[in-house]
Each structure stands twice: as structure tokens, then as C-alpha cells.
Amino acid sequence: MAKPTYRAFEPTMLAIMANIPMTPISIPKIRPRAIPLIGPASAHTDLMDISVLHIEDCPNWAETGSRIRTALKDLGVSNTEVSFVELRTPEDASQVPFAGSPTILVDGTDLFPSDGRTTDLACRIYRAGAHFAGIPLQGDIEDALRRRLQDQ
């Protein structure tokens, strides 16, 4: 004996079939994400949510934002905003993956992951070739963003 098959109906169809009045509902808007395409990087638009977490006394957060924008332009990524989030208290820092100022988050994760998550309102040090600096090198930012694009 063959198994019976069932056809699923959407709630709207069921309400129409049962002659039940429907109450309109509000559906939250979802931010559209472009699908990475094979081809030039310029096909990528609006792919990432980028934030720079920083403290007030950090001398490097503005330059970090500038380097991120340059890297996005060089990669052909358009319509991606860079936001800046000032952390004022250790409680603020405990709510986000903060590893010192500036921390670059892409879609909520550190662009340069480390075990250095902290609630201390302090500066961050990045490896810059054979040296250390308060900002990642331009090429390092571009390479990290390129890897993120490829992973999407």
C-alpha cells in the first residue's frame, strides 16, 4: 500500500480556504545582501557591516577608518559604510569583541582575531611587518577584507 502524500499550504491559502479574515502583520525588513559573483570585485556591493571600536583617547581610530575605506575602494566594494563606536566604560567593552582601540569588526567579528579580548579601555597594538603599530598596515587590511569576501 502506497504512503499518502500531503501537500503543504501556506497560512494565507489556509485562511482563504476556511474563509477566515486575515489580520495584516508587520514583517521586519531584512537588509538585502548581495551574492558574491564570479568575476571582478566590483560585482560585490553592500556585503559587509564594518565597525571600528575605539576609545576617546585613541589617536588611531580615524586613520584606521580611512585605511578601511581605501581598501574597500581598491577591492571594488561599494555601498559599505564604516561606522565608529566609541566605548566609554568597561561595561561597554564587555558587550562587544573588543581587543583594544581600534578594533575592526566585520559582520561582528574581529578582522584581526586574537586572544586579546579585553574590557580595559586601552590601545591595541598590531603587527606591522617586522614592527608593531597602533594601526594595521594598508595591505594587511586589504588582504583581510579580501579573505572575508572570498569566505562569503
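Not measured: the values here are computed from a predicted model.

Rules used throughout
- Residues numbered from 1 in each chain as written.
- Predicted model: local features only at pLDDT ≥ 70, side-chain atom pairs only at ≥ 80, totals over all residues.
- Heavy atoms only, no water.
- Core = buried A, V, L, I, M, F, W, Y, C linked by side-chain atoms within 4.5 Å.
- Buried < 20%, exposed > 50% of the residue type's maximum accessible area, 1.4 Å probe, protein only.
- Helix = DSSP H or I, 4+ residues; strand = E, 2+ residues; numbered from the N terminus.
- Contact = heavy atoms within 4.5 Å.
- Salt bridge = Lys/Arg side-chain N within 4 Å of Asp/Glu carboxyl O.
- Phe/Tyr/Trp six-rings, centres within 6.5 Å; stacked < 30°, edge-to-face > 60°.

Observations regarding the nonpolar core
Point 1. In this structure, M48, I50, I68, L72 and L145 are the most contacted members of the largest nonpolar core, which totals 18 residues.
Point 2. Counting residues per element, the ones that place at least two in this core are β1 (50-54), α2 (61-75), β3 (103-106) and α4 (138-151).
Point 3. Setting aside anything within four residues of it in sequence, one finds I68 in contact with I50, V52, V82, I104, I141 and L145.
Point 4. One finds I55, C58, L87 and L105 within the second-largest nonpolar core, a separate group that totals seven residues.

Focus on unusual backbone geometry
Point 1. Here the bond from S101 into P102 is cis, since omega is 0°, no more than 30 degrees from zero.
Point 2. The topology assignment puts P102 in the loop between α3 (90-94) and β3.
Point 3. In this model, N79 sits at a positive phi of 60°, which is unusual for a non-glycine residue.
Point 4. Position of N79 relative to the elements: it lies in the loop between α2 and β2 (82-86).
Point 5. N79 sits in the exposed class, given a relative accessible area of 59%.
Point 6. One non-glycine residue, D107, adopts positive backbone phi at about 50°.

Re the pattern of salt bridges
Point 1. For the structure shown, the criterion picks out five salt bridges.
Point 2. Residue R88 is joined to E86 by a salt bridge in which the shortest nitrogen-to-oxygen separation is 3.8 Å.
Point 3. Each of the salt bridges in this network shares a partner with another, and the network as a whole consists of E142, D143 and R146.

As for the packing of aromatic side chains
Point 1. In total, this model carries two aromatic pairs according to the counting rule given.
Point 2. Ring geometry for W61 versus F84: centroids 5.3 Å apart, planes at 65°, classification edge-to-face. Here W61, found in helix α2, pairs with F84, found in strand β2; they are 23 residues apart in sequence, far enough to count as distant.

Remember that the coordinates give geometry; whether it matters functionally is a separate question.
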